[in-house]
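Listed below, chain by chain, are the residues.
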Amino acid sequence: MEFPPNLLPDEANPKWMNKGDNAWQLTAATLVGLQSIPGLVIIYGGMVKKKWAINSAFMAFYAFAVVLICWVGWSFRMSFGERLIDFWGKPAVALDQKYLLGQAFLGYFPTATMVLFQFVFAGITPILIGGIWCPEGWLAKLGVIDFAGGFVIHLSSGVAGFTAAYWVGPRIDKDRERFPPNNILLMLAGAGLLWMGWTGFNGGAPYAASTVASLAALNTHVCAATSLLTWLLLDTIVFGKPSVIGAVQGMITGLVCITPGAGVVQCWAAILMGLISGSLPWYTMMVLHNKLNLLKHVDDTFAVFHTHAIAGGLGGILTGFFAMPKLSRLFFQVPDWEKYIGLAYGLQTGRTSAGLKQMGIQLIGIVFIVCLNIVTTSLICLFIKLIVPLRLNEEELRIGDDAVHGEEAYALWSDGDRFENAKGNSIYDVDEYPSIMSKNASELQMGDKQAQGFEFALQYLPPLLTAKNTGRRINKGGDQFGRSNCPHNIVSSVSPGSTKIHIMEAQLTDAVSAYPRVRATIHLGSETFSVQANNGVLSEQLVSVKEQSMSILKDFITKHNIPTEVPDEPEEVSSEDDNDISAKPPIKKSKNGQ
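Read on for a plain summary of the structure.

Procedures and definitions
- Residues numbered from 1 in each chain as written.
- Predicted model: local features only at pLDDT ≥ 70, side-chain atom pairs only at ≥ 80, totals over all residues.
- Heavy atoms only, no water.
- Helix = DSSP H or I, 4+ residues; strand = E, 2+ residues; numbered from the N terminus.
- Buried < 20%, exposed > 50% of the residue type's maximum accessible area, 1.4 Å probe, protein only.
- Contact = heavy atoms within 4.5 Å.
- Areas by Shrake-Rupley, 256 points an atom, 1.4 Å probe, with all protein chains shown as cover.
- Axes fitted to C-alpha atoms, helices over the stretch in contact; angles between N-to-C directions.
- Parallel < 35°, antiparallel > 145°, perpendicular 65-115°, else oblique.
- Left-handed = near helix turned anticlockwise from the far one by under 90°.
- Nonpolar A, V, L, I, M, F, W, Y, C, P; charged D, E, K, R; others polar.
- Salt bridge = Lys/Arg side-chain N within 4 Å of Asp/Glu carboxyl O.
- Phe/Tyr/Trp six-rings, centres within 6.5 Å; stacked < 30°, edge-to-face > 60°.
- Expected span 1.5 Å × (residues − 1).
- Core = buried A, V, L, I, M, F, W, Y, C linked by side-chain atoms within 4.5 Å.
- Arc of directions from axis to C-beta.

### So, the overall build of the chain
Link 1 in the chain: On a plain count of helices and strands, the chain comes out with 21 helices and 10 strands.
Link 2 in the chain: Expressed as a percentage of its 594 residues, the buried residues of the chain come to 47%.
Link 3 in the chain: When contacts within the chain are restricted to residue pairs at least 6 apart in sequence, long-range pairs at least 24 apart make up 75% of them.
Link 4 in the chain: As displayed, the chain has an accessible area near 29100 Å², and 61% of this comes from carbon and sulfur atoms.

Structure representation (structure tokens):
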């Protein structure tokens, strides 16, 4: 009997390679990679306050690239190569085709596929993983059950993240008190990618397109759904409303919890694990967090301690309780498979001691992973601190993305473009973007002449200015004024047909020379004038730009013979909270009284 031509081995398809397993492993690697980019990029970008959207998303993006270079440079073989000590391998490159095209240490596919598959896990959690997954690791030999990385990925990332947050220090008080997500819908999209990508995360763990992979994928989604609904139910009971952010947290805790045992527990056990993972981490996050000084002290922005450390450790313990011997045999495929038995089945079959031993091994694994990550993360942070500060300065923390990257997440118009005032989308019969003026502002009467789209715009960097706003009303919301994002356009304008021009004057509160760009763009009818000051401290630049701007304006008024009159000073209106958007302009009735 002859094999079909597509199944015959050749130089590119050696006898030991299973094409189906190789195809599935590459697919699983891609799914896990999509969890990081764009999954975590979108989640983190949408979950944080707007001023940190770029920084949070970008860190996940570039870290993926950094880890890949480290991975092929030394980390893969340090994790899965020759042993240096019991939990640490010898670093070596994984770049030579002779090495990459050979058979992987497990499975029927090339080492190149294994390098890629293990990399996407390292990319989502850059933690040393040799202790458990490497067949020669001491925890693997001890008998720890960690099906797809609940210990080496999630428990590790939770502990390491919490430890790093301790050394880095907290955000500014204002951000800790109020840190609303800037885009919940975008966050949900990222959460969906993370959830679906977990099919490859757990389904790829057997290194084969097998029945165990199918069970692992199903258990993953069942546990996640149960945990999500449990979290929502608790939110509704306790707080009266279901929370979208809570739903995402519940989904994550369910996915994390099932990971250590996805292919070695039955589907009904996955439901029970989902109930526990949706309730215990909810309690530690929503109740216990506010009672323990350590948890309150460490600024764990994304709550990774609860969603990963607690849920990952919980998953390891529950795996030690629910692991079924038959499923363990199908997964491990080793002669001594009988030692992988959960306590529940040990009690059922009269092997209670074996079940208790497995629970003890799981706890040893948890303690070792926690201690290893606390020590190594602390050493890494202290080493980095010798080179660069771990924490941004107060001014950078107040400003956000623009101070760190010089960019904003949501730029509605480009630098230097004229911002056109419009009423088309407003329910009020007034300008959507009113004049923003200071106590020292002046009004210029234009007499019978009409201002044909007159606009005066002062654009400045950095956002270290504040103005006491005066006038009939104030626009407190948006990025036009009052937020710490930059560049800002503070615009004072009138529509065609109006008889008044408002001029804005800003008052300086902080003079910082590190941001040397201050400029003004003035649109007067069909003419455009630009002035800029690049030298001196910020206060000097502002004076220079203001003087140049007012000189141009006066020349324009003289040139067009526009009479001027300075009115009485308007009543001052101020805002205590620059993020308050509750103040709205009065509704101006139309002629028919509507």
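### Looking at the packing of helix α9 (residues 184–203) against helix α10 (residues 211–239)
Link 1 in the chain: Interhelical geometry of α9 versus α10 gives an angle of 140° and a closest axis separation of 8 Å. In terms of orientation, α9 and α10 fall into the oblique class. Considering only the axes of α9 and α10, their crossing is right-handed. Counting all contacts with α9, which are made through Trp 195, Met 196, Trp 198, Thr 199, Asn 202 and Gly 203, the residues of α10 involved are Ala 213, Ala 216, Ala 217, Thr 220, His 221, Ala 224, Ala 225 and Leu 228.
Link 2 in the chain: Broken down by class, the residue content of the contact of α9 with α10 amounts to nine nonpolar, five polar and no charged.

### Topic: the pattern of salt bridges
Link 1 in the chain: Within this structure, the stated rule accounts for eight salt bridges.
Link 2 in the chain: Note that Glu 82 is salt-bridged to Lys 90, the shortest N-O span being 3.6 Å.
Link 3 in the chain: With relative accessibility at 38%, the residue Lys 90 sits in the partly exposed group.
Link 4 in the chain: Taking the shortest distance from any N to any O, the salt bridge between Arg 398 and Glu 395 comes out at 2.5 Å. Of this pair, Arg 398 and Glu 395 both sit in helix α19 (residues 394–399), three residues apart, which is roughly one turn of the helix.
Link 5 in the chain: The class of Arg 398 is partly exposed, set by a relative accessible area of 29%.
Link 6 in the chain: Overall, Glu 395 belongs to the partly exposed group, its relative accessible area being 23%.

### Some points on the side chain of Gln 358
Link 1 in the chain: Its place among the elements puts Gln 358 in helix α18 (residues 352–387).
Link 2 in the chain: For Gln 358, the residues in contact, after removing those within four places along its chain, are Gly 143, Val 144, Ile 145, Gly 320, Lys 339, Tyr 340 and Ile 341.

### Some thoughts on unusual backbone geometry
Link 1 in the chain: In this chain, Ile 37 is followed by Pro 38 through a cis amide linkage whose omega measures 15°.
Link 2 in the chain: Phi is positive for Ala 303, which is not a glycine, with a value near 55°.
Link 3 in the chain: With respect to the element layout, Ala 303 can be found in the loop between α14 (293–297) and α15 (304–322).
Link 4 in the chain: Residues other than glycine seldom take positive phi values, yet Gln 333 does so here, at roughly 50°.
Link 5 in the chain: Topologically, Gln 333 is positioned in the loop between α16 (325–332) and α17 (343–349).

### Focus on the packing of α15 against α18
Link 1 in the chain: Orientation of α15 relative to α18, taken along the N-to-C sense of each, is 165°, at an axis distance of 8 Å. Taken together, the axes of α15 and α18 lie roughly antiparallel to each other. Every pair of crossing elements has a handedness; the one defined by α15 and α18 is right-handed. Taking contact as the criterion, the partners of Gly 313, Gly 316, Ile 317, Thr 319, Gly 320 and Phe 321 in α15 are, on α18, Gln 358, Met 359, Gln 362, Leu 363 and Ile 366.
Link 2 in the chain: Looking at side-chain class alone, the contact of α15 with α18 contains five nonpolar, six polar and no charged residues.

### As for the packing of aromatic side chains
Link 1 in the chain: With the rule as written, the count across this model stands at 20 aromatic pairs.
Link 2 in the chain: Look at Phe 76 and Phe 80: their rings are 5.3 Å apart centre to centre, the planes differ by 35°, and that puts the pair in the tilted class. Here Phe 76 and its partner Phe 80 are both found in helix α2 (residues 53–80), four residues apart, which amounts to about one turn of the helix. The same class applies to Phe 76 and to Phe 80, which are both buried.
Link 3 in the chain: Ring centres of Phe 321 and Phe 322 lie 5.0 Å apart, and the angle between their planes is 90°; this geometry places the pair in the edge-to-face category.
Link 4 in the chain: Look at Phe 321 and you get partly exposed, because its relative accessible area is 28%.

### What to know about α15
Each α-helix winds once per 3.6 residues, and so residues spaced three or four apart point in a common direction.
Link 1 in the chain: Taking 1.5 Å of rise per residue, the 19 residues of α15 would be expected to cover 27 Å, and the 25 Å separating its terminal C-alpha atoms lies within 8% of that figure.
Link 2 in the chain: α15 sits mainly inside the fold: 15 of its 19 residues count as buried.

### Here we look at the nonpolar core
Link 1 in the chain: Of all hydrophobic cores here, the largest spans 66 residues; its most connected members are Phe 147, Phe 201, Met 251 and Met 273.
Link 2 in the chain: The residues contacting Met 273, other than those within four sequence positions of it, are Cys 223, Cys 257, Ile 258, Val 265, Gly 315, Leu 318, Thr 319 and Phe 322.
Link 3 in the chain: The next biggest cluster of nonpolar side chains, apart from the first, holds 11 residues, and it includes Leu 139, Val 144, Ala 309 and Phe 368.

### Structural notes on α16
Link 1 in the chain: By the burial criterion, the buried members of α16 are Pro 325, Leu 327, Ser 328 and Phe 331. Down the axis of α16, the buried set is contained in an arc of 160°. They therefore lie on one face.
Link 2 in the chain: Buried residues in α16 make contact with α10 and α17.

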